[in-house]
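# Architecture at a glance
If you want the building blocks of each chain, they are given just below.
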Amino acid sequence: MTINTLAKGGWYREQMTCFRKMEKVIVAMQDPDMGMKMRNQRLLITVIPHAMTGRDVIDWLIQKYNICEEEALHVGGMLVRYGYIYPLKEPRSLVLRADETPYRFQTPYFWTSTRWPASELDYAIYLAKKNIRKQGELMEYEKERYSLLHKRINHTWDFVVMQAREQLRASKQRRKADRIVLECQEQAYWLINRPPPGAHNVLDMGLEKPNNFSLRVTLNSDYYKREIESCRRALGRNRVKSSICLEGFVKFSEQYQNHDPIMQGCLPSNPWISDDTAHWTMNSEIVPVPTRLRVERWSFSFMELLNDPIGRREFMTYLEKEFSAENLCFWQACEDIRHGESSKIIQKVEDVYKNFLAPGAARWVNIDSKTMDKTLEGIKHPHRFVMDDAQLHIYFLMKKDSYPRYLKSDLYKNMLAKAIVPQETKKSVFPFMRRQRHSSPSPAQAVTQVTEEDGRAMGAGKAGTNSAAGSHV
Amino acid sequence: MKMHYLAAQYSRPCVAEDATRAEKIYMRSPPIPEMATQEVQLNETLAHLKTESETLKSKLEEERAKLHDVELHQVAEKVEGLGQFVMKTRRTLKGHGNKVLCMDWCKDKRRIVSSSQDGKVIVWDAFTTNKEHAVTMPCTWVMACAYAPSGCAVACGGLDNKCSVYPLSLDKNENLAAKKKSVAMHTNYLSACSFTNSDMQILTSSGDGTCALWDVESGQLLQSFHGHAADVLCLDLAPSETGNTFVSGGCDKKANVWDMRSGQCIQSFETHESDINSVRYYPSGDAFASGSDDATCRLYDLRADREVAIYSKESIIFGVSSVDFSLSGRLLFGGYNDYTINVWDVLKGTRVSILFGHENRVSTLRVSPDGTAFCTGSWDHTLRIWA
């Protein structure tokens, strides 16, 4: 694949959208009624009209978009970086200052979007002009580029020099103020479109993305037939009223709020803030006593219970008491088939059949006859999803029956009662001392210790005793 | 013959006389060479299909609008507003020599893998900021990387059109590249990859307009997903009970929800005005958020089957490269092309905070598995952990 960075590809589209939006802001800034108040600025002995200060720009942005100073500085800063506003005093420093530094609006002729991408020919003419106007005024990198261009477009060099001379002649006939302004504008344009080496290149677009509906995917009749089929199915689906769905988000966020460390903090402290890993240690995959928040979460949904190794172990214990542990074992075995290695599927399906589905099996699971028949039929040609229906049936059986009873059981209630509620460690406890940040055993170490071949590690808790390199200062 | 077929499709009553009259008219036209006739017919069919597709889409939007009886922020009026929001950079990871393009967290909540433009893939312990492994890919622009659920391997790919899996070895002398395993093969660049529930399967999306599910062990293609009209840029797996769906977003401005088993597109949303760079499921799995070049993030509810919120602000001009939810789903973090991170209140639709720090585009953003922090990667060559 070739990366043609000059082609009018996807990033052209992306940038043009941004340019248009920035231009809207610029136009609004210059609005006679709601725009900024401009004034004359003194540049040495010349008076430049229609200028404004950095402070003016920021105040206007704060007022217009109802944002804070920092954000206004940022937005204004982007306008300067992209060349829509340029500094009068230090033209090479494309930075917005929140003070009396004077700035001016770039003329639309020199907006980056107007003639984009900037052409080599125009750049050559610009450098030629600079060279002619004051011998040796070109900077080092400009001199290099100038000679490179001279080699590359040598065939049009007469034209370049002619154009340069013509433009210089025309500018001599302008008033000094206008001439200075035009020079500033042109310089700003080229600082952005041909940044000096090492300077931040705002126009760096990265990888080329295609035009709208590129030819990578052929929009043939197959494509449209699929679209139509998809639409027909979508039209037939059941939808739920917004009021019901959206209420669900409110409830979910409320339920999980205490468990969200970014919203509510976490106990004893957030490791990233305090440099103390106690929170992670207390919440490892397997711990002797889990935290209260963790045990509470098991009651939020059946999936939460099953996703937690301790939760799943507790549930298994409960099912064993109820003599229905085979359900969870069956479910786990099905998960293993679904997510395990392709090469082991046939063997695993056979094992599952022998242990759970065959008549008189040691751990026979109770599936309705329709699903059983379908599954047994499917087993004749085993594939990854052959157990799906049976697995779902058992899953919902556990979810609707055993799970709610587990939550009401003494087993769960005791778990909740003896769960730890860590003490909060305030950061002030470690005011000046920078805590040592200790490494943890890499999960990759667990590979040598795992005997099961299902690719799921036992977690950091079980890893080896050799710690990797010590603390980091 | 042709008239009858069309009539049946559009369920219009077809009167026999009309049909014969039409046939007579057709037969009266001057003789056209056989090939051209077929071509004309094909073009007509294509145009018809396109029109039918568009008509159905408008009808779908009408149906979707019928059940939309309230806005999210209205429902959220009773919810308490969020107070002052303070998040800072807690770690800065320096080591990439070029633009950071992608990152992913390890399940151990502190390790991460990151990839960059110069082909480097680095595994860090973000807590200590130590680099633990480094691999140099044979291609540049490694746009996708993912950590295996076991923590024992990483997957990555980019301009090589492939997704390769590297088992992580703790032997410092071992060359990781030696054990590399080529898993996925596309006909264009790899834009995103993700392991499913285990180390054994990988889901990929590509610039060739498709997504695909692969068996890691054999490299076999298990399922492919066709339906996007242009490059697919991102994907995310659903955290659902049945674990069978995922969402993808692309340059065609569409976000598609797929059934992993059948390969079918079960839901499709087309409300963005530009490329969708990032999609992420809401923690309950009932919705997903998207971030686009049109400078907005949007929330799509899967049960209501429609867009239910737009997160945008007039002062935000640049596109969103990456989005993720906080653990409770109350906050949506967006990394933007203007080097900032905007934090949104998902329920109320308001912008809670704007975070500065990066010196170039934020290209990737992920919340850690336990929600204690989020990590951003940027074109300024660094990664930052925020908490």
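The shown structure was predicted, so the numbers you read here are calculated from the model rather than taken from an experiment. (Residues numbered from 1 in each chain as written. Chains lettered and ligands numbered in written order. Predicted model: local features only at pLDDT ≥ 70, side-chain atom pairs only at ≥ 80, totals over all residues. Heavy atoms only, no water.)

### Notes on the packing of helix H4 (residues 120–133) of chain A against helix H5 (residues 140–152) of chain A
All names here are of chain A. The following threshold applies: In this description, a line fitted to the C-alpha atoms serves as the axis of each element, helices being fitted only across the stretch in contact, and the angle between N-to-C directions of two axes falls anywhere from 0 to 180 degrees. Working definition: helices are DSSP H or I runs of at least four residues, strands are E runs of at least two. Numbering for both runs from the N terminus. Put simply, angles under 35 degrees are roughly parallel, angles over 145 are roughly antiparallel, angles from 65 to 115 are roughly perpendicular, and the rest are oblique. Helix crossings are classified by the rotation of the near helix relative to the far one: an anticlockwise turn of less than a right angle makes the crossing left-handed, while a clockwise turn makes it right-handed. Note on contacts: a residue pair is in contact if any heavy atoms of the two residues lie within 4.5 Å. The classification used treats Ala, Val, Leu, Ile, Met, Phe, Trp, Tyr, Cys and Pro as nonpolar, Asp, Glu, Lys and Arg as charged, and all other residues, Gly among them, as polar.
Between H4 and H5, the least distance of the axes is 10 Å, while the angle of their chain directions is 125°. What the angle tells us is that H4 and H5 run oblique. Between H4 and H5 lies a crossing whose hand is left-handed. Mapping the contact onto sequence places Glu120, Tyr123, Ala124, Tyr126, Leu127, Ala128, Lys130 and Asn131 in H4 and Tyr141, Glu142, Arg145, Tyr146, Leu149 and Arg152 in H5. Each residue belonging to the contact of H4 with H5 can be placed in one class, and the counts come to 8 nonpolar, 1 polar and 5 charged.

### Details of the pairing of strand E20 (residues 297–301) of chain B
All names here are of chain B. In plain terms, the rule: Burial status follows relative accessibility: with a 1.4 Å probe on protein chains alone, a residue under 20% of its type maximum counts as buried, one over 50% as exposed, and anything between as partly exposed. Strands pair, by our definition, only if DSSP identifies at least two bridges between them.
In terms of burial, E20 is a largely internal element, 5 of the 5 residues being buried. Side-chain alternation along E20 places Cys297, Leu299 and Asp301 on one buried face and Arg298 and Tyr300 on a second face that is also buried. In the sheet, strand E19 (residues 287–292) pairs with E20 via 5 bridges, with the strands oriented antiparallel. If you follow Phe288 over to E20, its bridge partner there is Tyr300. Between E19 and the antiparallel strand that follows it, E20, lie 4 residues; Ala295 among them carries a positive phi value of about 70°. Of the strand pairs in this sheet, E20 and strand E21 (residues 306–311) are connected by 5 bridges, and their pairing is antiparallel. In the strand pairing of E21, Tyr300 is matched with Glu307.

### Structural notes on the side chain of Arg384(B)
All names here are of chain B. Under the convention used in this document: Within this scheme the basic residues Lys and Arg register as positive and the acidic residues Asp and Glu register as negative, but His and the chain ends are omitted. Salt bridge, as applied in this entry: a Lys or Arg side-chain nitrogen positioned within 4 Å of an Asp or Glu carboxyl oxygen. A 3.5 Å cut-off defines polar contacts: any pair of N or O atoms within that distance qualifies, except that in protein one atom must be a possible hydrogen donor and the other a possible acceptor, and neighbouring residues in sequence count only when both atoms are side-chain atoms.
Looking at the element boundaries, Arg384 is found in strand E28 (residues 382–386). Within the buried set, Arg384 has no salt-bridge partner at all; the shortest N-O distance to an opposite charge, 5.0 Å, is to Asp380. A distance of 3.0 Å separates the side chain of Arg384 from the backbone oxygen of Gly357, its partner in a polar contact. Residues in contact with Arg384, not counting those within four places in the same chain, are Thr89, Arg91, Thr92, Gly357, His358, Phe374, Cys375 and Thr376.

### Things to note about the UniProt feature "repeat: WD" (unreviewed entry) in chain B
Residue and element names in this part refer to chain B. Rule in force here: UniProt positions are given in the numbering used here, feature names are shortened, and annotations may be inferred rather than shown by experiment.
Following the UniProt record, the feature "repeat: WD" (unreviewed entry) maps to residues 93–134, 183–224, 225–268, 269–310, 320–354 and 355–387 here. Split by type, residues 93–134 is 0% helix and 60% strand. Its first and last C-alpha atoms lie 14 Å apart. A helix fraction of 0% and a strand fraction of 55% characterise residues 269–310, whose end C-alpha atoms lie 13 Å from each other.

### Brief notes about helix H20 (residues 410–418) of chain A
Because the α-helix completes a turn every 3.6 residues, residues three or four places apart line up on one side. Residues and elements named next belong to chain A. Our working rule: What the arc measures is the spread of directions leading from the helix axis to the C-beta atoms.
Taken as a whole, H20 has its buried residues at Tyr412, Met415 and Leu416. All buried residues of H20 fall inside an arc of 95° around its axis, so they share one side. Of the exposed residues in H20, those oriented more than 90 degrees away from the buried face are Asp410, Ala417 and Lys418. Buried residues along H20 sit against helix H13 (292–297), helix H15 (309–321) and helix H19 (388–408).

### Topic: the packing of helix H16 (residues 325–339) of chain A against H19(A)
Residue and element names in this part refer to chain A. Between H16 and H19, the least distance of the axes is 9 Å, while the angle of their chain directions is 140°. Taken together, the axis directions place H16 and H19 in an arrangement best described as oblique. Here H16 runs over H19; the crossing is left-handed. Residues Asn327, Leu328, Phe330, Trp331, Cys334, Glu335 and Arg338 of H16 lie in contact with H19, whose contacting residues are Asp388, Ala390, Gln391, Ile394, Tyr395, Leu397 and Met398. In the contact of H16 with H19, the residues fall into 9 nonpolar, 2 polar and 3 charged.

### Regarding the nonpolar core
All names here are of chain A. Note the threshold: What makes a nonpolar core is a set of buried Ala, Val, Leu, Ile, Met, Phe, Trp, Tyr and Cys residues whose side-chain atoms join them at distances within 4.5 Å.
Of all hydrophobic cores here, the largest spans 54 residues; its most connected members are Met22, Met29, Leu61, Tyr82 and Ile85. Elements that contribute at least two residues to this core include exactly helix H1 (10–29), helix H2 (54–65), helix H3 (69–81), strand E4 (102–105), H4, H5, helix H6 (157–172) and helix H7 (176–193). In terms of residues, this core owes the most to one element, H1, which gives 7 residues. Val287, Leu306, Ala333 and Ile337 belong to the second largest nonpolar core, which has 41 residues in total.

### Topic: the confidence of the model for chain A
Reading fine detail from the predicted coordinates is not recommended where pLDDT is low. Residues and elements named next belong to chain A. The cut-off we apply is this: Values of pLDDT, ranging from 0 to 100, describe the predictor's confidence in every residue of the model.
Model confidence for chain A is summarised by a mean pLDDT of 84, while 86% of its residues fall at 70 or above. Throughout residues 1–8 the model reports pLDDT below 50, and contacts reaching past four residues in sequence, or to other chains, amount to 14 contacts. Here residues 447–473 is modelled with pLDDT under 50, and outside its nearest four sequence neighbours on either side it reaches 32 contacts, counting other chains as well.

### Brief notes about the pattern of salt bridges
Residues and elements named next belong to chain B. For the structure shown, the criterion picks out 48 salt bridges over all chains. Between Arg330 and Asp345 there is a salt bridge, and its shortest N-O distance comes to 2.8 Å. Of the two residues, Arg330 sits in the loop between strand E22 (320–325) and strand E23 (331–336) while Asp345 sits in strand E24 (residues 341–345), which places them 15 residues apart along the sequence. With respect to class, Arg330 is no different from Asp345; both count as buried. When salt bridges that share partners are traced, they join Asp104, Asp236, Arg280, Asp324 and Arg366 into one network.

### Focus on the side chain of Arg361(B)
In this fold, Arg361(B) is placed in the loop between strand E25 (351–355) and strand E26 (362–367). Among the residues examined, Arg361(B) registers a relative accessible area of 11% and is labelled buried. For Arg361(B), the contacting residues outside a window of four places in its chain are Glu14(A), Met205(A), Tyr336(B), Asn337(B), Tyr339(B), Gly377(B), Ser378(B) and Trp379(B).

### Concerning the interface of chain A and chain B
Quick note on the threshold: A quick way to say it: buried area is the sum, across both parts, of accessible area lost when two parts are put together, with a 1.4 Å probe.
Each partner contributes residues to the interface: chain A has 109 residues there, and chain B has 130 residues. Here chain A and chain B share an interface that buries about 10,500 Å² over both sides, 60% of which is from carbon and sulfur atoms. The three residues of chain A that bury the most area against chain B are Phe249(A), Ile262(A) and Trp272(A), which together make up 9% of that side's buried surface. Summed over the shared surface of chain A and chain B, the number is 10 salt bridges. The partner of Lys99(B) in a salt bridge is Asp204(A), with the nearest N and O atoms 2.8 Å apart. Counting across the chain A and chain B interface gives 38 residue pairs in polar contact (both at pLDDT 80 or more). The residue makeup of the side of chain A that touches chain B, split by class, is 48 nonpolar, 31 polar and 30 charged.

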